[in-house]
Amino acid sequence: MSATASPARDLLVGNCSGFYGDRLSAMRELVEGALEDGRPVDVITGDYLAELTMLILGKDTMKDPSLGYARTHLRQLEDCLGLALEKGIRIATNAGGLNPTGLAAKVREVASGLGLDVAVAHVEGDDLLARAEKLGLGSPLTANAYLGGWGIVECLSAGADVVVTGRVTDASAILGPAAYHFGWQR
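First, a word on scope: everything that follows refers to the structure included in this document. None of these values were measured; they are calculated from a predicted model.

**Description of the overall build of the protein**
Phase 1 of the analysis: Assigned secondary structure in the protein consists of seven helices and five strands.
Phase 2 of the analysis: When its helices and strands are written in sequence order, the protein yields β-α-β-α-α-β-α-β-α-α-β-α.
Phase 3 of the analysis: Relative to the globule expectation of 16 Å for 186 residues, the C-alpha radius of gyration of the protein, 16 Å, shows essentially globular dimensions.
Phase 4 of the analysis: Along the first, second and third principal axes, the C-alpha set of the protein runs to 55 × 35 × 25 Å.
Phase 5 of the analysis: A burial count over the protein gives 44% of its 186 residues as buried.
Phase 6 of the analysis: When the accessible surface of the protein is totalled, it reaches about 9100 Å², and 54% of it is carbon and sulfur.
Phase 7 of the analysis: For the protein, the distance from the average position of its 16 positive side-chain charges to the average position of its 23 negative side-chain charges is 4 Å.

**Topic: the environment of Thr53**
Phase 1 of the analysis: Within the secondary structure, Thr53 sits in helix H2 (residues 51-63).
Phase 2 of the analysis: In the structure, Thr53 is positioned 34 residues away from Phe19 in sequence and 8.0 Å away in space, judged by C-alpha atoms.
Phase 3 of the analysis: Excluding residues within four positions of it along the chain, Thr53 makes contact with Tyr20 and Tyr48.

**Re the packing of helix H3 (residues 71-86) against helix H4 (residues 100-113)**
Phase 1 of the analysis: Following both chains from N to C, one finds H3 and H4 inclined at 30 degrees, their axes separated by 10 Å at the closest point. Classed by the angle they form, the pair H3 and H4 counts as roughly parallel. Both H3 and H4 take part in a crossing whose hand is right-handed. Facing His73, Leu74, Leu77, Glu78 and Leu81 of H3, the residues of H4 in contact are Leu103, Lys106, Val107, Val110 and Ala111.
Phase 2 of the analysis: When its residues are assigned to classes, the contact of H3 with H4 shows seven nonpolar, one polar and two charged.

**Some remarks on a nonpolar patch on the surface**
Phase 1 of the analysis: Together, Leu52, Leu55, Ile56, Met62 and Leu141 make up an exposed nonpolar region whose accessible area comes to about 460 Å².
Phase 2 of the analysis: Of note, Met62 is situated in helix H2.

**Description of H3**
Phase 1 of the analysis: The end-to-end C-alpha separation of H3 is 23 Å, in line with the 22 Å expected for 16 residues at 1.5 Å each.
Phase 2 of the analysis: If you look at H3, its biggest bend is around 60 degrees, right at Cys80.
Phase 3 of the analysis: Residues of H3 that are buried include every one of Thr72, His73, Leu74, Gln76, Leu77, Cys80, Leu81 and Ala84, and no others.
Phase 4 of the analysis: Next to the buried residues of H3 lie helix H1 (26-32), strand S3 (90-93), H4 and strand S5 (162-165).

**Remarks on the environment of Val41**
Phase 1 of the analysis: As for its position among the elements, Val41 is in the loop between H1 and strand S2 (43-46).
Phase 2 of the analysis: The class of Val41 is buried, set by a relative accessible area of 16%.
Phase 3 of the analysis: On a C-alpha basis, the gap between Val41 and Ser25 in space is 16 Å, while along the polypeptide they are 16 residues apart.
Phase 4 of the analysis: In contact with Val41, not counting residues within four places along its chain, are Leu12, Gly14, Leu30 and Ile89.

**A few points about the packing of helix H6 (residues 150-157) against helix H7 (residues 172-182)**
Phase 1 of the analysis: Between H6 and H7, the shortest axis-to-axis distance is 8 Å and the interhelical angle comes to 45 degrees. In terms of orientation, H6 and H7 fall into the oblique class. Where H6 crosses over H7, the two elements pack in a sense that is right-handed. For the pair formed by H6 and H7, the contact residues are Trp150, Ile152, Val153, Leu156 and Ser157 on the first element and Ser172, Ala173, Gly176, Pro177, Ala179 and Tyr180 on the second.
Phase 2 of the analysis: Of the residues assigned to the contact of H6 with H7, the class counts are eight nonpolar, three polar and no charged.

**Regarding the nonpolar core**
Phase 1 of the analysis: Residues Met27, Ile44, Ile91 and Val162 are the most contacted members of the largest nonpolar core, which totals 31 residues.
Phase 2 of the analysis: Of all elements in the fold, only H1, H2, H3, H4 and S5 reach the threshold of two or more residues within this core.
Phase 3 of the analysis: For Ile44, the residues in contact, after removing those within four places along its chain, are Gly14, Cys16, Met27, Leu30, Val31, Ile89, Arg90, Ile91 and Ala92.
Phase 4 of the analysis: Core analysis: the next-biggest nonpolar cluster, separate from the first, contains 12 residues, Ala92, Ile152, Val153 and Val163 among them.

Procedures and definitions
Residues numbered from 1 in each chain as written. Predicted model: local features only at pLDDT ≥ 70, side-chain atom pairs only at ≥ 80, totals over all residues. Heavy atoms only, no water. Helix = DSSP H or I, 4+ residues; strand = E, 2+ residues; numbered from the N terminus. Rg over C-alpha atoms; globule rule 2.2 N^0.38 Å. Buried < 20%, exposed > 50% of the residue type's maximum accessible area, 1.4 Å probe, protein only. Areas by Shrake-Rupley, 256 points an atom, 1.4 Å probe, with all protein chains shown as cover. Lys, Arg positive; Asp, Glu negative; His and termini not counted. Charge placed at Lys NZ, Arg CZ, Asp CG, Glu CD. Contact = heavy atoms within 4.5 Å. Axes fitted to C-alpha atoms, helices over the stretch in contact; angles between N-to-C directions. Parallel < 35°, antiparallel > 145°, perpendicular 65-115°, else oblique. Left-handed = near helix turned anticlockwise from the far one by under 90°. Nonpolar A, V, L, I, M, F, W, Y, C, P; charged D, E, K, R; others polar. Patch = residues over 30% accessible without salt bridge, like charges linked within 9 Å, V, L, I, M, F, W, Y side chains within 5 Å. Salt bridge = Lys/Arg side-chain N within 4 Å of Asp/Glu carboxyl O. Expected span 1.5 Å × (residues − 1). Bend = angle between axes of the 7 residues up to and from the residue. Core = buried A, V, L, I, M, F, W, Y, C linked by side-chain atoms within 4.5 Å.

That's the geometry; what it means functionally is another story.
Okay, here's the thing in structure tokens:
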């Protein structure tokens, strides 16, 4: 895994969400904002998943298996993805919930609809539902493990502008971009 060109430089991270349904304008505020020296943030992160949110997303997938992600994240991206790309701001969130693959596809659709060329990647591996059922644990609505930030590092190393994950530890959305930026190893 390689670091960016100037790993000694600070990494400025802004977080746009602390829960599913948090302030929709937060991402735009971070994209438009800048420090006193005019420098924008390098990465915008978002934590959309709590246990209650996983339940909500589980119920969504019961109604429509193509859902299972934080749909508000798409609204935020529609509003400011172009400006984020223009400023070189990367985005890493756990908004993928129970369906990071589906959210990544939707992000690509949004970008295409906006006429944007964006590299979107997603991290899988947290879904343990089939394993739980195989172990005879009944039929839980969801069963997810917390992943770390190394999948995010791999996505950023591959050139992703936007990374969506499922369940990751709260710190992973920040640790992943930091490990990438500073060239940290496992």
